[in-house]
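Okay, here's what each chain looks like letter by letter:
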Amino acid sequence: MKALYSYSPYHHLHDGEKYPAVLLTTGENDGRVNPAQSRKMAASLQAATSSDRPILFRSTASAGHGIGTALKERIAEQADVLAFLFDQLGINASAWTFWPLAL
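Small disclaimer: the values here were computed from a predicted structure and weren't measured.

## Some thoughts on helix H2 (residues 35-48)
- Between the first and last C-alpha of H2 there are 20 Å, a value that for 14 residues agrees with the 20 Å anticipated at 1.5 Å per step.
- For H2, the set of buried residues is Pro35, Ser38, Met41, Ala42, Ser44, Leu45 and Ala48.
- Looking at the buried residues of H2, the elements they touch are strand S1 (22-27) and strand S2 (55-60).
- By the N-cap criterion, in which a side-chain oxygen at the helix start approaches the backbone nitrogen of a residue two or three places on, H2 is capped by Asn34, the distance to Ala36 being 2.9 Å.

Have a look at this one:
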């Protein structure tokens, strides 16, 4: 029990800490990690942080822990993750030309 507690991010949150931007993702059909754990972590981070950075939560009813998740859903999740990353890094994605789109 001590070992689990020692690396639990949930149990080591501190009120008033300036946490970085976070995007937590989960699938409702995840057989390995209860999706409620991600919800609880997102809510706790939102309540604890004194930063103006976003703490976001993304859940999908049709996804699991990777295997068995439809390709369309995996692509949509990756698009959201990249959009979040680009936003946080200040990258203007519309200025980029991606080679598959330039054909």
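## A short note on the nonpolar core
- If you look at the biggest cluster of nonpolar residues, it comprises six residues: Tyr19, Val22, Met41, Leu45, Ala48 and Ile55.
- In terms of residue count, the dominant contributor to this core is H2 (three residues).
- Excluding its chain neighbours within four sequence positions, the residues that come into contact with Leu45 are Leu13, Tyr19, Val22 and Ile55.

## Re the environment of Leu24
- Here Leu24 lies in strand S1.
- Between the C-alpha atoms of Leu24 and Ser59, which are 35 residues apart in sequence, the distance is 8.4 Å.

## Some details on helix H3 (residues 71-89)
- For H3, which comprises 19 residues, the first-to-last C-alpha distance of 27 Å matches the rise-based estimate of 27 Å (1.5 Å per residue) to within 8%.
- Taken together, the buried positions of H3 are occupied by Glu73, Phe84 and Phe86. One side of H3 holds all its buried residues, which, seen down the axis, span an arc of 165°. Residues of H3 that are exposed and point more than 90 degrees away from the buried face comprise Leu71, Lys72, Ile75 and Leu89.
- Summarising the contacts, the buried residues of H3 are in contact with S1 and S2.

Rules of the game
Residues numbered from 1 in each chain as written. Predicted model: local features only at pLDDT ≥ 70, side-chain atom pairs only at ≥ 80, totals over all residues. Heavy atoms only, no water. Helix = DSSP H or I, 4+ residues; strand = E, 2+ residues; numbered from the N terminus. Expected span 1.5 Å × (residues − 1). Buried < 20%, exposed > 50% of the residue type's maximum accessible area, 1.4 Å probe, protein only. Contact = heavy atoms within 4.5 Å. Polar contact = N/O pair within 3.5 Å; in protein donor to acceptor, adjacent residues only side chain to side chain. Core = buried A, V, L, I, M, F, W, Y, C linked by side-chain atoms within 4.5 Å. Arc of directions from axis to C-beta.

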